[in-house]
Amino acid sequence: MVRMCRRSALCLALFSAFAFLATAQQPTLLVDIDHRAQTSLDGPWHYIPDPYREGWGSNPDHASLNGYVKNAHYVPGGPLLQYDFARSPTLDVPGDWNSQKDSLFYYEGLLWYQRDFTVHPTPHTHLFIHFGAVNYAAHIFVNDLHVCDHEGGSTPFDCEITGVVKDGDNFIVAAVDNQRTVDRVPTIKSDWWNYGGITRPVSLVEVPDTYIDDYSLQLKRGTSNQLEGYVHVTGAAAGAHVTLSIPDLHIEKDAVTDTNGRAEFSFPAPSLELWSPEHPRLYSISLHAGPDELKDDIGFRTIEVQGDQILLNGKPVFLRGISYHDEAPFRSGRSWSDKDAETLLGWAHELHCNFVRMAHYPHTENEYRLADKLGLMVWSEIPVYWGIDWTNPPTLDVAKHQLWEMIRRDHNHASVIMWSLSNETPESLDRNAFIHQLAVEARSEDPTRLITSAIVTHFKGTTATLDDPLGQDLDVLGYNEYLGWYQGTPSAIPDYTWQNPLGKPVIVSEFGAGAKAGLHGPATEMFTEEYQDNVFRQQFLMLGKIPFLRGMTPWVLMDFRSPMRQLPGIQDDYNRKGLVSDKGERKKAFFTLQDYYAKMQK
Ligand code: GCU
């Protein structure tokens, strides 16, 4: 919006209004939301597409489509009415609009949502609207008041509406903008569908006037029986009591908040059972602070690197992984439900994986929750993907903010062992400086996990030397290669060799080939299942010889939509590198990988 009207004085006002909002104090982000009481706002919301962005009008704080609020009805001879939510069609929330309406399949731009809701606020509480995610930018209005904005399509945000809502009937308007622009994260081009909309659940969350807005509880680094962490209480004076209980360990601890509302814990847990893929032990914990109580189910484990090894609970581990997009199985569109998560991670488990790469953006929180339970370690990633606007400070801000939101939401999931800062970014000094800033932010927010990125592998002849300068900032080096697909022939793959001058653990974070499920032919014919299967078999002959390889996440679990994949009768808007088709058909290579991992487990 700002980009479209930079020249006029009015828009300068708009720009400064938005600029103010964008740099305002970090809004609250409640953690562990799925353990709090919520009033769902999911269901049908009216919508009005607004490709010409008419809706902003002259007053951004009254932007319910030029003030045509939801109840306006046309009165003969009355004011001109061209927008009326009440008479407009509906979209299901959560859900992207592209896969719900043929007329919105390729839609990119501004679209307005509206629904009514009833609430009876409790005195002395805070009321928030919690959005699981909105792609890409969101501007939220309640009863025609502008309550919050958010940028970033895959991380949650909370809008405080205490004092804005009335006791009884209210209405919410959400202006959602999924326009791709150079300065956004991701930027103009990405090999996945730009699904727009309120893509994850929305709910009302009421918390007491002093409430727990963040906590962390982990094993102290280098120990297997010492727990430490903190609880942050908003609204608490210094000296307020916070209690932590872990019933299965017969542990009850008390701490007091400092002047910043933060209470710290550190105590022995002698009989602790560590979390691992083989034994994904979760403990029910309860936190109490004044009138607030927060429960969670968390696991405890250590993750570290030692030379070119990755150590889980002090022992070397090989990460038998798979990459996957947050694409809904069978129906396509954005994944969001528990059923979607169970299907996707169920396939990973069926492959004998102990690791998943959630590409290329933070996935729905229920997948992390399920990974905790299933014992799947997680590579979690922000969409700093391909050629980002490296020298634009607001772009760095929004990348940092998405990183902060991802870590804030998921830092209590034992399954998450590494944060990925980027994917396949072209090497340059500006890119190195940008991602270095992200590495500093990640280590500051979460010193307990590993930092990685997926980097393009460049071969000189048949040798790859893994010396991208980005590696200086990383604990684990992720490298993508498509030998046998984008370069070289499948039969030549075993001849390639790898050098690791940095001496850090390496994960081959992508390799694979396309195949249309059910298309069979000679292994020399691209897009047959046989071709894809042969690429996997040849890859294993090469990968098995890399002494510092500590994991792999082949590309990709399931076919997913991408506007870059248009080959009729084969791709038809889908990237076909999936081991499973978008309809759930397992291809030959699925069983080859399954067998390879099964043998690795022995
Ligand atoms: C790249 C990229 C993926 C993409 C894949 C492909 O490596 O990381 O997002 O889908 O290649 O070309 O299929």
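Criteria and thresholds
Every chain's residues receive numbers from 1 upward, in the order its sequence appears when written. Two thresholds apply to this predicted model, a pLDDT of at least 70 for residue-level local features and 80 or more for giving and counting side-chain atom pairs, whereas whole-chain, interface and lining totals are computed over all residues. Side-chain numbers come from the whole structure's heavy atoms, not from hydrogens or water. If even one non-hydrogen atom of a residue comes within 4 Å of a molecule or strand, that residue is called near it. Think of a polar contact as two N or O atoms within 3.5 Å of one another; within protein, one of them needs to be a possible hydrogen donor and the other a possible acceptor, and neighboring residues in sequence only count if both atoms come from side chains. For the area figures, the Shrake-Rupley method with a 1.4 Å probe applies, and any residue is considered shielded solely by the protein chains shown. Side-chain classes follow a simple rule in which Ala, Val, Leu, Ile, Met, Phe, Trp, Tyr, Cys and Pro form the nonpolar group, Asp, Glu, Lys and Arg form the charged group, and the remainder, Gly included, forms the polar group. Residue ranges for the domains trace back to a domain assignment, done automatically or taken from a database. Note on definitions: a residue-residue contact is assigned when non-hydrogen atoms from the two residues lie within 4.5 Å. Any Lys or Arg side-chain nitrogen located within 4 Å of an Asp or Glu carboxyl oxygen qualifies as a salt bridge. Runs of E in the DSSP output that reach at least two residues are strands. Runs of H or I that reach at least four are helices, and both are numbered from the N terminus. Strands are labelled as partners when DSSP assigns at least two bridges between them. For helices, the axis comes from a line fit to the C-alpha atoms of the stretch in contact; other axes are also lines fit to C-alpha atoms, and the angle between any two N-to-C directions lies between 0 and 180 degrees. Using a 1.4 Å probe on the protein chains alone, a residue whose accessible area is under 20% of its type maximum counts as buried, one over 50% counts as exposed, and one in between counts as partly exposed. Residues scored as charged are limited to Lys and Arg (positive) and Asp and Glu (negative), so that His and the chain ends carry no count. Any Phe, Tyr or Trp ring, taking Trp's six-membered ring, that has another such ring centre within 6.5 Å forms a pair; planes under 30 degrees apart are called stacked, those over 60 apart edge-to-face, and the others tilted. Two thresholds decide whether a charge sits over a ring: the Lys NZ or Arg CZ must be within 6 Å of the ring centre and within 35 degrees of the ring normal. Confidence scores here are pLDDT values: one per residue, from the predictor, ranging 0 to 100. Helix span, as expected, comes to 1.5 Å for every residue beyond the first. By convention in this document, the label disulfide applies to cysteine sulfur atom pairs within 2.5 Å.

### Things to note about the site of the ligand
In step 1: Around the ligand there are 14 residues in total, and D191, E424, Y486, E510 and K577 lie nearest to it.
In step 2: The separation between an oxygen atom of the ligand and a polar side-chain atom of H360 is 2.7 Å.
In step 3: Between the ligand and the protein, one listed contact pairs an oxygen atom with a side-chain N or O atom of W555 at 3.2 Å.
In step 4: Summarising the interface, the protein chains cover 97% of the accessible area of the ligand, which totals 320 Å² for the free molecule.
In step 5: For the shell around the ligand, a count of residues per class yields five nonpolar, four polar and five charged.

### Structural notes on the domain arrangement of the chain
Bring the parts together and some accessible area is lost; that lost area is often taken as the interface size.
In step 1: Each assigned domain of the chain is listed with its residue range as follows: domain 1 (2-208), domain 2 (211-301) and domain 3 (304-601).
In step 2: On the domain 2 side, the residues contacting the 11 residues of domain 1 number 12 residues.
In step 3: Scanning the region where domain 1 abuts domain 2 turns up one salt bridge.
In step 4: Salt-bridge contacts for R36 lead to D292; the nearest nitrogen and oxygen are separated by 2.7 Å.
In step 5: At the junction of domain 1 with domain 2, the criterion picks out three residue pairs in polar contact (both at pLDDT 80 or more).
In step 6: Secondary structure elements with two or more residues in the side of domain 1 that touches domain 2: β5 (125-131) and β10 (202-208).
In step 7: In the side of domain 1 that touches domain 2, the residues fall into six nonpolar, three polar and two charged.

### Things to note about the side chain of S323
In step 1: The residue S323 is located in strand β21 (residues 319-324) in this model.
In step 2: Aside from chain neighbours lying at most four places away, what touches S323 is R357, S509, E510, T553, P554, W555, V556 and L557.

### Concerning the sheet that holds strand β14 (residues 251-256)
In step 1: Across the sheet, which stays open at both edges, the four strands sit in the order β14-β13-β16-β17 with antiparallel pairing between neighbours. Of all the strands in the sheet, the pair left with one neighbour each is β14 and β17 (292-298). Each neighbouring strand pair of the sheet contributes to a mean axis angle of 15°, computed without reference to strand direction.

### Describing the side chain of R334
In step 1: You can see R334 is positioned in the loop between β21 and α2 (338-350).
In step 2: The buried charged residue R334 lacks any salt bridge partner; its closest oppositely charged side chain belongs to E327, at an N-O distance of 4.4 Å.
In step 3: Polar contacts involving the side chain of R334 include one to the main-chain carbonyl oxygen of D326, which spans 2.8 Å.
In step 4: One polar contact links R334 to Y361, side chain to side chain, over a distance of 3.3 Å.
In step 5: Leaving out residues up to four positions away in the same chain, R334 has contacts with D96, W192, W193, Y195, T199, D326, E327, A328 and Y361.

### Observations regarding the packing of aromatic side chains
In step 1: According to the stated counting rule, one finds 26 aromatic pairs in the structure shown.
In step 2: A centroid spacing of 4.7 Å and a plane angle of 75° characterise the contact between W192 and Y385, whose relative ring orientation is edge-to-face. Remark: Y385 occurs in the loop between β23 (377-381) and α4 (393-410) and W192 occurs in the loop between β9 (168-177) and β10; sequence separation between them is 193 residues. Y385 shares its class with W192; the two are buried.
In step 3: Over the ring of Y283 we find R281; its NZ or CZ atom is 4.0 Å from the centre of that ring.
In step 4: Here the basic side chain of R586 rests over the ring of F590, its NZ or CZ set 5.6 Å away from the ring centre.

### With respect to the confidence of the model for the chain
In step 1: Model confidence for the chain is summarised by a mean pLDDT of 92, while 91% of its residues fall at 70 or above.
In step 2: Across residues 68-73 the pLDDT falls below 50, and counting only partners more than four positions away or on other chains, this stretch makes 18 contacts in the model.

### Quick notes on α4
Side chains of residues three or four places apart in an α-helix project in the same direction, reflecting 3.6 residues per turn.
In step 1: With 18 residues, α4 ought to run about 26 Å at 1.5 Å a step, and its terminal C-alpha atoms sit 26 Å apart, in line with that.
In step 2: Burial runs high along α4: 14 of the 18 residues are buried.

### Notes on the pairing of strand β4 (residues 110-119)
In step 1: Counting buried residues in β4 gives eight out of 10 residues, a clear majority hidden from the surface.
In step 2: Here strand β2 (residues 43-49) pairs with β4 via four bridges, running antiparallel. The partner of Y47 across the bridge, within β4, is Y113.
In step 3: Taken together, the 10 bridges between β4 and β9 define a ladder with antiparallel strand orientation. Bridge pairing links Y113 to A174 in β9.

### Let's talk about the state of the cysteines
In step 1: All told, the structure shown has one disulfide when counted by the stated rule.
In step 2: With its sulfur 1.7 Å from that of its partner, C148 forms a disulfide with C159. Taken together, the residues span a long stretch of sequence, with C148 in strand β7 (residues 145-151) and C159 in strand β8 (residues 157-160) at a distance of 11 residues. Across the pair, C159 and C148 agree in class, each one buried.

### Some points on unusual backbone geometry
In step 1: Here the residue pair V93 and P94 is connected by a cis peptide bond, since its omega of 0° sits within 30 degrees of zero.
In step 2: Cis peptide bonds are those with omega within 30 degrees of zero, and the linkage from N135 to Y136 qualifies with 20°.
In step 3: Unusually for a residue other than glycine, N143 sits at a positive phi of about 50°.
In step 4: For N143, a relative accessible area of 16% corresponds to the buried category.
In step 5: Of note, F330 is a non-glycine position whose phi angle comes to about 75°, a positive value.
In step 6: Structurally, F330 is set in the loop between β21 and α2.

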